[in-house]
Every structure is written in structure tokens, then in C-alpha cells.
Amino acid sequence: MSQKTIETVDEVTIRFAGDSGDGMQLTGTQFTNTTAILGNDLSTLPDYPAEIRAPAGTLFGVSGFQIHFGSKEIHTPGDHCDVLVAMNPAALKVNLAGLVDGGSIIVNTDGFSDRNLKLAGYAQNPLRDGSLDKFRMYEVDISKLTALSLQDLNISSKFVDRSKNFFALGMMYWMYGRPLETTIEWLKGKFKDKPDILEANIRVLKAGWNFSETTEIFSVRYEVGPANLAPGRYRNITGNQAVAWGFIAAAKKANMELFLGSYPITPASDILHELSLYKSYGVKTFQAEDEIAGVSSAIGASFGGALGITTTSGPGVALKTEAIGLAVMVELPLVICNVQRGGPSTGLPTKTEQADLLQALYGRNGEAPVPVIAAATPSDCFDAAFEASRIALKYMTPVMLLTDGYLANGSEPWLIPDFDKLPDISPTFVTNPEGYMPYSRDETTLARPWAVPGTPGLEHRIGGLEKQNITGNISYDPENHDLMIRLRAEKIQRISNDIPMATVEGSPSGDLLVVGWGGTYGAIKTAVIRQQKKGASVSHLHLRYLNPMPKNVGEILTKFKRILVPEINLGQLVKVLRSDFLVPATGFNKVRGLPFRSAELEREIEEILKGIK
Amino acid sequence: MNTRVDEILKSTIDVPLPKYSAKDFSTDQDVRWCPGCGDYSILAQTQRIMPDLGIPRHKMVFVSGIGCSSRFPYYMNTYGFHGIHGRAAAIASGLKIARPDLSVWVVTGDGDGMSIGGNHFIHLMRRNLDLRVLLFNNQIYGLTKGQYSPTSEMGKVTKSSPYGSVDYPFNPASLALGASATFVARTLDRDPKHMQGVIKRAAEHKGTSFVEIYQNCNVFNDGAFFQFTEKDTKDDTVVFIEHGKPLVFGKEKDKGIRLNGFSPEVVSLKDGKYSVNDLLVHDEKDTTLSFILADMTYKPHLPRPVGILLAVDRPVYEAEMERQIAFAREKRGVGDLKKLLNSGETWVVQ
Ligand SMILES: Cc1ncc(C[n+]2csc(CCOP(=O)(O)OP(=O)(O)O)c2C)c(N)n1
Ligand code: SF4
Ligand SMILES: [Mg+2]
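Source: prediction; values computed, not measured.

A. Molecular detail of the coordination of the magnesium ion (ligand 3). Residues and elements named next belong to chain B. Around the magnesium ion (ligand 3), the protein supplies Asp-110 (OD), Asn-138 (OD1) and Ile-140 (O) as donor atoms, at distances of 2.1 to 2.2 Å. Along the chain, the residues donating to the magnesium ion (ligand 3) are arranged with the sequence spacing D-x27-N-x1-I. With Asp-110 in helix H4 (residues 110–116) and Asn-138 in the loop between strand S4 (132–137) and helix H6 (172–178), this pair connects stretches of sequence that are 28 residues apart. Asn-138 carries the same exposure label as Asp-110, and that label is buried.

So, in C-alpha cells, the structure goes:
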């Protein structure tokens, strides 16, 4: 056994990359679970092609999974990776730019065949031409070693090829001092009925570990201690799963049935998949024939007294628009979850973006105000879904919940909430026919009463035609229309009495306020904290409620000399802030289908503060 | 697990079924169809049969899209939802899945249900939710003042087809059958008795029941169906089909439909060549036959088939879903959110 030194580091970013058939997402997820259980803080970002099985070896078929973990607080999946595991030349080529100078590359040498080099567009083998000299190279024939470890088992060569990712995983477990148990337990569950496959997988995993322990190739191991997380029970959770659970929790706390009407669309489909599992919770999922049917069925379910929700991405919201207007008019609860992706049109289906904010705020015919809530981190999606449901039920209104592709697929440790401490959000159904008027209103919230079919004596008709105030009868009266438009707007505005004030992270006044919303939270926070540590006068305001906004937002904005609004769009929130608050806010905009790098935000902040910009 | 809705339902279980008359189903709203419109008759017949169904008013919901026909719910003293153009089937589907206990009725037009809502229509048919669909077919867009519709005949001159429409029309019955509907019927606005009978059967069907009602729009398409509804012509242009009965028609009951291979043909019962025993006998359980009968529509040499073309049983969507929920609860117990949140890989930070 060779002598190994152990180095302690407080954060590391690893990227697993290979063909989409190489199982990189699985490898990354396993590494994540093990790392989470060790108590590190972490953040992950999968990055996979839109094609299910792109031709092997090609650049566009590369699938990656990045995990950033540490003994300190982690807010982003990492701007750059410190370690790149590349299963073939294409994976190397696509991801090399994301590797820090001096970073480590672990390559599967067997993947570097002439054919694969050519497919990746390498004129010569980068492992041989010195082009990788500034990196620490670890060349391992993973394919061959995997095959060797399975030699005496009667296993097909196809399986050997498919399990090589477990060898790589074993190596990374060794390098970062992670135990194999979590993955072995998972394998045992998965291959309960296939003892041969189970045995083979465990062997490969262990072979990767043992190889690293014995071979001379690796001389250093790294130790990443547990992070200082708040005490409690944790689990790792992705944004999509958190949205799904947030809705189940909301329905439960509302004492209602949850009804999801949805049509599959990346990156929102996993919410549909997840909710479809929970039949025993009384969750009803309806895979509709299109998005219009998805939202319409949810409105029908709400009319029947269920919590009706619909999940989709931008193109789907475009189709649902008319029905959302109907929900505004009939004043029934509904949550529309938009997992934003790259647009316009089909755009970049598997990538992230924030370009649907104006669609959420204004994208309907007529005066059709809708509350808009955005989740900030993967685990925050739970709270955001719960809150969106609360508002929908209390104010009898459709609510737009915005997440994005990054939040949806990204994951982080989540302090599991105490279910008993979540608020009761059950609505009151009217049952007394005495004086019932479908469009009378609650004095405080302006919500109309909710009478569900099946209640004797409360038979009434609703619809998309303008309503006469109080009676709900059809009315073409000009003054009544003006009144109803204002009442509907006022109802939404009053929600600002019922949401927390916005809080500034950092000093409440100063030279620069960075205002963000949605999934850019981690990147902005990291950049701002770094600048604050360097003594800069900069603070961070992150908006969860985009309509209506907390009442103190206007005042907060006046306390800073400059306002910077980074967004993964061409400047949507900045437009709203400028028009609503008449402040000279400026944008920082990159629309690459990727999350912001905190370093680029930091540079921008620095340049503004130095007066360069 | 008891939801708020369950509580309401429980509290009303003992409410006795009132003795209704047709008038109990009319509302205080002024009916705003044009005088003479066929929709009046459909409303009247529907209100007339409601008391016979044994369903309390508060358990009924009429859901519609947009069109003259879709104003229907405002005039029914039940729960009602006037939706958006074409989407009634989708709204009703969500409602019925959430609330299988309700009697749900969709009211739609030939534009609403066949054009903008065509997609929802076919998917509703194949899913077979236990609800009713009444399609008011006037072969025209009434509310938007007279454009040709997907059921208008070719060559129809309207405001949007001044040179005659070049669109080939849908036959709604064939469309429904092609989409695997389990109950398909056709009736006429000017034959109240027949309509009542058909709507009643539709109400009793377990599954999606689709009723196409030929409806006269006296303003934009007057007389579109007169040949099938008026005294002097209808006997020779319509064959009323009834389960177990041979297809006989004509003023003197002297004509019949016989199958020649798969093709229906008109035969005379007078000339001694054929007797009633040679005629096609209707079987509403026979899917293949229903296709043949529906296909007689638009064939100029054949009478228009009116009546119940098909009535078969197939599992009902929402019942299957309830079954899955019950099964999941039996296997795993009623879902416990606390357990769910704490399931899978978790760890404790001290
Ligand atoms: C999205 C949308 N597009 C168009 C219209 C206009 N529109 C209202 S009713 C209608 C056609 C109605 O025809 P049909 O369903 O046959 O009903 P009828 O009036 O004949 O009973 C149209 C095109 C609308 N209301 N909404
Ligand atoms: S336009 Fe035609 S269908 Fe509409 S109400 Fe008048 S007559 Fe009836
Ligand atoms: Mg029509």
C-alpha cells in the first residue's frame, strides 16, 4: 500500500461527465446522498442534453452532474469545478472550460479511442499533446479495471460497460473519504430481486475504492468536515420534489383533496411524476390531453372543492393563459407552477432561465392581476408551493408560482419541517343559504364566499362573463365593470397586508443594493457576502413576492445609492422596479441557459462600487 | 381521511329528495336566446325530465363553453359553470374526477365542441368519465353571428364563406364513435318526446353519454334540419332506430334498411321482394353496427339515423382512479405526511 497524505479543505466542486448513457446523473446523485449524510452543506446541478440518447461520443450527447459541497455554507453548485471526471473525450472537451486552473482531471483512458477523439473533434489526443499540462491528470483505464473486477462472474460486456460509472464513484468516495454504505444500501433496495446484478455493482464500486487506496496514482486524499448546519433532521431534496411535497402538505393542512391537472413538459414533468405516486394521500393526478385541459380541469376540480393546481413550463403557461383569466373572473383558487426554462418557443428545454416573469405578471387579456411568488432555492420550493396554496385558498384567486430548471433539478440539504407547526390553511365553505350571494366579499380579504356543489340551497352559476357586484349575475353595466375591475385588483393588492416585510441581507442602507428574485439567490448571496467581507458597502434584497410586493420594498430601495438587478433575462424585474418605484435601477443580464456564476456577479458589484460602471 | 367536502356531503346525506316539477329547474334569469331558437325546446325538455332522475338539484352541475348554446347553465337552477370557448369538457372532467358524487352535464355547440374544443371532446369520449354531453348542433356559429362551423355542409354560403365553404363537415356521431365513446345518440329539437327519452337514457348511462341534438338556429341557419323535423318530409328522411327493432321508416312504414355486405341500403316493403325479416335489426350493444349506422349520416340516398346508436359498458375513468386510491390506502395505509417528509435518506445534525 502506498503512502497517502490527507489534506483538509473547506469546499470542493466535482463534476461527473460522460455520455448520456454513462449514468452520470445516477453517479452524481449517489455522491450527493452520501455527502449529505456526512453533514456537508451542498448544492448540485445536473446538466443533461435534451436528447434522450444522443449518439455516443458526441459533444451534444454529454451529460454532466456538478456537486459543490463543504464544511461551510454552500449556496451555489459552484462557478467552476475543482475535479472533473471525464468518461470520454467529448466530456473532457465540453467541460474543460469549467475546470479551475490546476484542477484535477480523472479520465477513463479506454474512452479515448481514435473514434471517440474524432467524434469529439480532437485532431490529436489531448492526453498526449501536452495541452492539459496545467491540470493534475489521473489517467485510469476504468473500463478495463471494471471488467477485471467482474472477471469470474458471468456478466455481459454490456453490463460491464454500464457499470463503469460505479468504479468512478468508488474512486471519488475514496478521494473524499466518503463511506460506501449509503450507495450499497441503495443498490440492495434497487436490485432486491437480482442478486447477480447487486453483487456485480457492489464489486465494481469497491474495486474503484480499493484501486485508489492501493495504486500509486493517487497520493492525496481530502477531508471535508461537516458543515455548521442548524440542528435537526435533514434530507436532500430537489426543487421539483419540494414543490410536489409543498402542495401535498398544503392540501393536507387545508383539509382538502389535491387535484393536479398537467401535461408533460421538461423541466416540470417530475412534479407530475412525483405527485402521481401519492395515491394513498388522496392526491388525484390527471394527465390531460394538453395544457389547456390541464388548467381547465384544475379549475373544475377547484369548483368542486379541491385544491386545484397545474404544473408546467413557459410554453405551457402560454397555452393556459385564457383559462387563468377565467379563474381570475370566477375567483376560484388555483396554483399555476411554472418551472421556467430557456425560451422563447421551445427554446432550451433542459436549461434554466428567468424570462417568464413579465408573462406571469401581465401575460393575460384584460385587467387580470394574479399574485406571483418565486422560490429561491431547491428546498425553498416547498415553502413557496405551500404559501402559493395558502394565498390561493384565502383570497380565492389563481396564484402563479415560479421556479426554474436550475431549482427543479438542483438539490440541497433541507431541514425537514415539523408538519404540526405548519399553519392550518383550511378555507371555509359556505353552507348556510341565508343571504348567500356568490359575489359578496369578505371585508378584509375581499374574497368571495366559496360554495361547493353538493350543498343544498346554494345552487348558483359562475362563468367568465362580467359579474354584477354581489349577485354574480351577468352584467354589462359600464360602472359595474369598472367597479369589478377595481375590486379584483384591490383584492390582490390587499395580499400585501398578509405577507412578511422584505428583509435586506446586510446593512439596511449603503452604496449598492443587489435585488434579485427566484433561483439566482445562491449566486447573488455568495457574491455579496464575498464583497461584504472585503469591506464593500453592498446589501442583498431577494424578492419572493413579486405581486403584490411587500409594502416596504419602495422604502428599502431609497436607502441605497445604486440598485443592481441581476436576472437571467434581458431585464424584467428591473423594468417593474423602475416603473413602480421610479428608481434608477440597472440590470445585469446573462441569458445563457445557465445559472449565474457568483464570480461574475462579484466582478460587476466591484466595478459598480469602484465607479467603473 | 375526511376532507371539508366530505363533511358537507355527510351532513346532507339525510336531506330528503324533494318532489320536483320542471319549474323547480328554471332560474330567475331572463332567457336571452332569439325568439324561435331551437335552444328553448332543449331547455324545456331537459327541465321536464330532471324531476324523473331522482337526483337532488344541489348534486347537479351544468358546465358549458361559449356560444349561444353555452348560455344554458344560467337557465338551469342547479350548480352551473359557464366556462371558456371549447373547454367545458376539460372543466367538467376535473370536476367529475374531484367529485364523483355529482351529476355532471356538459352543454356545448358544434363550434365549441367540435372545433376549438375538438381535442377535449375526443379525449373525454375515450376516457369515459361518467358524465353527459349535450351537443347543440345548429351547423353554424350562432353567437358570433353566422360563420360556417365544422358541421356545416360543403358549399355553405356564410359571411366567412361568401363563395361557399370548402370544408368537409364532421359527423359528430362518427367522431364520438371513432374516439371510443360508450353512448352515442342523436335527437331533434322539434321532437320533444324523442328528446326526453334520449336524454333520460343518457342520464342513466354509466360512462360518458354523448347526445347530438339537431337544433334550429332560426336567425343564421334557419331550416337546416327541417327536412328531418317537419311533417311533410321527416317520415321519409329519418329512420328512428330502437334497440331490438328492425329499421323501418316511411309515411306508410313501407321502407326499411337492409345490410348489403357492410353497406346499408333502402328497400321497399311493398314490392314483395323484402319483408321486415330481411331488415337490419338494431342492437345498441354492437359497436361495429354503430359505426355503420352513424356512417349513414350525410349519405343522400339514405335516411338520417336518429336515436341511440350505441350504449355499451366500459370501466369509468374516475371509478378506476378511486379504485387505485383505495388500493394504495389498503396496501400502504392512509398517507401520513409526517412519515413522508421523514422518509428515505435522512440524517440528524446535533
Ligand atoms: C377563444 C375564443 N375564440 C373565439 C371566441 C368567439 N366565439 C364565441 S362563440 C363562437 C362559436 C360558437 O359556435 P357554437 O359552438 O356552434 O355555438 P352556437 O352559438 O352556435 O350555439 C366563437 C367563435 C371566443 N369566445 N373565445
Ligand atoms: S343566433 Fe341562432 S342559435 Fe343563437 S340564439 Fe339566435 S337563433 Fe339561437
Ligand atoms: Mg353552433
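B. Quick peek at the interface of chain A and chain B. At the interface, 80 residues of chain A touch 69 residues of chain B. Between chain A and chain B, roughly 6,300 Å² of surface is buried when both sides are summed, and carbon and sulfur atoms account for 62% of that area. Summed over the shared surface of chain A and chain B, the number is 3 salt bridges. Notably, a salt bridge pairs Glu-322 of chain B with Lys-284 of chain A, separated by 2.6 Å at the nearest N-O pair. Where chain A touches chain B, the interface holds 36 residue pairs in polar contact (both at pLDDT 80 or more). Taken together, the residues of the side of chain A that touches chain B break down into 45 nonpolar, 22 polar and 13 charged.

C. Just the layout of surface pockets, in detail. Residues and elements named next belong to chain A. Of the pockets and cavities examined, the second largest pocket occupies roughly 910 Å³. Taken together, 40 residues form the lining of the second largest pocket, with Ala-376, Thr-377, Ser-379, Asp-380 and Tyr-521 sitting closest to its centre. Top element by residues in the lining of the second largest pocket is strand S16 (residues 411–415). It accounts for 5 residues. Its residues placed into classes, the lining of the second largest pocket shows 20 nonpolar, 11 polar and 9 charged.

D. Up close: the site of ligand 2. Every residue near ligand 2 is listed here: Trp-33, Cys-34, Cys-37, Cys-68, Asn-138, Gln-215, Cys-217, Asn-218, Val-219 and Phe-220 of chain B. A class-by-class count of the residues in the shell around ligand 2 yields 7 nonpolar, 3 polar and no charged.

E. Geometry of the sheet that holds strand S11 (residues 284–287) of chain A. Residues and elements named next belong to chain A. The strand order across the open sheet built from 7 strands is S11-S10-S12-S13-S15-S14-S21, with neighbouring strands paired in mixed fashion. Two strands in the sheet have a free side with no partner beyond their single neighbour: S11 and strand S21 (545–547). The average undirected angle you get between the axes of adjacent strands in this sheet is 20 degrees. Pairing between strand S13 (residues 334–340) and strand S15 (residues 398–404): 7 bridges, direction parallel.

Parameters and conventions
- Residues numbered from 1 in each chain as written.
- Chains lettered and ligands numbered in written order.
- Predicted model: local features only at pLDDT ≥ 70, side-chain atom pairs only at ≥ 80, totals over all residues.
- Heavy atoms only, no water.
- Donors = N, O, S within 2.8 Å, 3.2 Å for Na, K, Ca; no water.
- Helix = DSSP H or I, 4+ residues; strand = E, 2+ residues; numbered from the N terminus.
- Buried < 20%, exposed > 50% of the residue type's maximum accessible area, 1.4 Å probe, protein only.
- Contact = heavy atoms within 4.5 Å.
- Buried area = accessible area lost by both parts, 1.4 Å probe.
- Salt bridge = Lys/Arg side-chain N within 4 Å of Asp/Glu carboxyl O.
- Polar contact = N/O pair within 3.5 Å; in protein donor to acceptor, adjacent residues only side chain to side chain.
- Nonpolar A, V, L, I, M, F, W, Y, C, P; charged D, E, K, R; others polar.
- 1 Å grid on protein atoms, 1.4 Å probe; cavity = no way out; pocket = protein on both sides within 12 Å on 5 of 7 lines; lining within 4 Å.
- Points joined across faces, edges and corners; volume = space filled by probe spheres on them.
- Near = heavy atom within 4 Å.
- Pairing = 2+ DSSP bridges.
- Axes fitted to C-alpha atoms, helices over the stretch in contact; angles between N-to-C directions.

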